[in-house]
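Fold and contact review
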Amino acid sequence: MRTRLDHLVTSALQRGSAVPAFTCYDFTTAMAVVAAAEEAGRGAILLVAPKTAATPNGLRLIGALRGLADAASVPVAVQLDHATDLQVMADAVAAGADSVLADGSALPYEDNIALVRGARALLGPDVVLEAELGGLAGDEDRAFGADQSGVAVAGLTDSALVEDFVSRTGAELLAVAVGNVHGKYKGEPQLRWDVLQDIAVRTHIPLVLHGASGIPAEELVKAAAMNVGKVNFNTELRTGVLATLQDQLPGHRSDGENLQGLLGHWNSSARTFAAKTLATLTR
Ligand SMILES: [Zn+2]
């Protein structure tokens, strides 16, 4: 069912839970996520990469995700992830996205604020906006970007700026950089709980943790206690699906080029990951 992403996240936080968000490059993965959410009786978020939203076929995928979300028996939101281009944001919302991460984290501070305000002026009050303060290392769509555990290469969110940033952007959610990275971690992730704690006391809006693939479950469970209400997963989901496809491909080729059967394995791999993640984040 349709839901405002901020309401979904806030009500989860009130129960001590966070809502997982999964990058969907395709409809098979999205169907798996929604089926896992329905089985768990919990809400979920379908993320669309900006490169997806920048193509005509990607916009059609967003339309399909909209239909899937609305027909679900649990609250499901459709968010455009990491957008820097106002036209892409407008196109994605017109296609069916109900939330946008207006990501100016790579820009100078004032330009970051201006991007989020520009997104609000363009998209209006009904589109939920996430903003990001502090740069995350790594590449969202590929697994090889990050050099270290994250701390040394990523700019940590400056907690002293949080109040000003939140009030001037009017964002409903805030993505933070606390040692989390996109892609695979080299070595153990070193999450800076002290920085997260410092941020959490300075704003009431829910916080968002990106690059959660590779962060141990027992760490993730702690996040909701520090007002992290949304956790984004991409790499780990892709890794699982690709490993399954690699494993299943030869057999399905020799079984009469059985693409339908292979898609079934794709779906169940994504569904298993989504179910495990929902269970981890849910209290
Ligand atoms: Zn991200």
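Under an unreviewed UniProt entry, the name given to the chain is Tagatose-bisphosphate aldolase, and the organism recorded is Pseudarthrobacter polychromogenes. According to the UniProt record, the Cofactor (unreviewed entry) comment for the chain is "Zn(2+)".

Notes on the overall build of the chain
The secondary structure content of the chain amounts to eleven helices and eight strands. By its C-alpha atoms, the chain is 60 × 40 × 35 Å across when sized along the principal axes. Across the 283 residues of the chain, 52% fall into the buried class. Of all intrachain contacts in the chain linking residues separated by at least 6 positions in sequence, the fraction that spans at least 24 positions is 70%.

Observations concerning the sheet that holds strand β3 (residues 76-83)
If you trace the eight strands once around the closed barrel, you get β1-β2-β3-β4-β5-β6-β7-β8, paired in parallel fashion. Strand-to-strand twist of the sheet, defined as the mean angle between neighbouring strand axes without regard to direction, takes the value 30°. Most of the contacts of helix α2 (residues 27-40) go to strand β2 (residues 44-48), to which it runs at about 170°, and overall it touches β1 (19-23), β2 and β3.

Quick word on helix α6 (residues 109-123)
Look at α6: 21 Å from first C-alpha to last across 15 residues, which is about the 21 Å you get at 1.5 Å a residue. Taken residue by residue, α6 has N112, I113, L115, V116, A119 and L123 as its buried positions. Projected down its long axis, α6 carries its buried residues within an arc of 155°, all on one side. Those residues of α6 that are exposed and angled more than 90 degrees off the buried face are E110, D111 and A121. The elements touched by buried residues of α6 are α5 (86-95), β4 (99-102), β5 (128-133) and α7 (162-169). A positive phi of about 85° marks G124, the residue just after α6.

Focus on the nonpolar core
One recurring pattern in soluble globular proteins: nonpolar side chains tend to sit buried together. Counting residues in each nonpolar core, the largest one holds 89 residues, and the members touching the most others are V33, L46, A92, V100 and L174. If sequence neighbours within four positions are ignored, L174 has contacts with A131, L133, V166, T203, I205, L207 and V208.

Structural notes on the pairing of β3
Look at any regular strand and the pattern is simple: side chains alternate between the two faces of the sheet. Burial of β3 is extensive: eight of the eight residues sit out of reach of the surface. For β2 and β3, the ladder comprises five bridges, and the chain directions are parallel. Counterpart to L46 in the pairing with β3 is V78. As judged from the three bridges shared by β3 and β4, these two strands associate in the parallel manner. From the neighbouring strand, Q79 faces β4, where its bridge partner is S99.

Here we look at unusual backbone geometry
One non-glycine residue with positive phi stands out, namely H82, at about 40°. On the secondary structure map, H82 appears in strand β3. Classification of H82 as buried rests on a count of 26 C-beta atoms within 10 Å.

Side note on the packing of helix α10 (residues 235-254) against helix α11 (residues 259-281)
In the contact formed by α10 and α11, the axes pass within 9 Å of each other and the chain directions differ by 155°. Relative to α11, α10 is oriented roughly antiparallel. The way α10 lies across α11 gives a crossing that is right-handed. Facing α10, whose interface residues are E236, L237, G240, V241, T244, L245, Q248, L249 and H252, α11 presents G261, L262, H265, W266, S269, A270 and F273. Here the contact of α10 with α11 is built from residues that sort into eight nonpolar, seven polar and one charged.

A closer look at the packing of α5 against α6
Where α5 contacts α6, the two axes come as close as 10 Å, and the packing angle between them is 40°. When you trace α5 past α6, the crossing you get is right-handed. Touching L86, M89, A90 and V93 of α5 are G118, A119, L122 and L123, all from α6. Class assignment of the residues belonging to the contact of α5 with α6 gives a composition of seven nonpolar, one polar and no charged.

Definitions and limits used
Residues numbered from 1 in each chain as written. Predicted model: local features only at pLDDT ≥ 70, side-chain atom pairs only at ≥ 80, totals over all residues. UniProt positions renumbered as here; feature names shortened; annotations may be inferred. Helix = DSSP H or I, 4+ residues; strand = E, 2+ residues; numbered from the N terminus. Buried ≥ 20, exposed ≤ 12 C-beta atoms within 10 Å, placed from the backbone. Contact = placed C-beta atoms within 7 Å. Pairing = 2+ DSSP bridges. Axes fitted to C-alpha atoms, helices over the stretch in contact; angles between N-to-C directions. Expected span 1.5 Å × (residues − 1). Arc of directions from axis to C-beta. Core = buried A, V, L, I, M, F, W, Y, C linked by C-beta atoms within 7 Å. Parallel < 35°, antiparallel > 145°, perpendicular 65-115°, else oblique. Left-handed = near helix turned anticlockwise from the far one by under 90°. Nonpolar A, V, L, I, M, F, W, Y, C, P; charged D, E, K, R; others polar.

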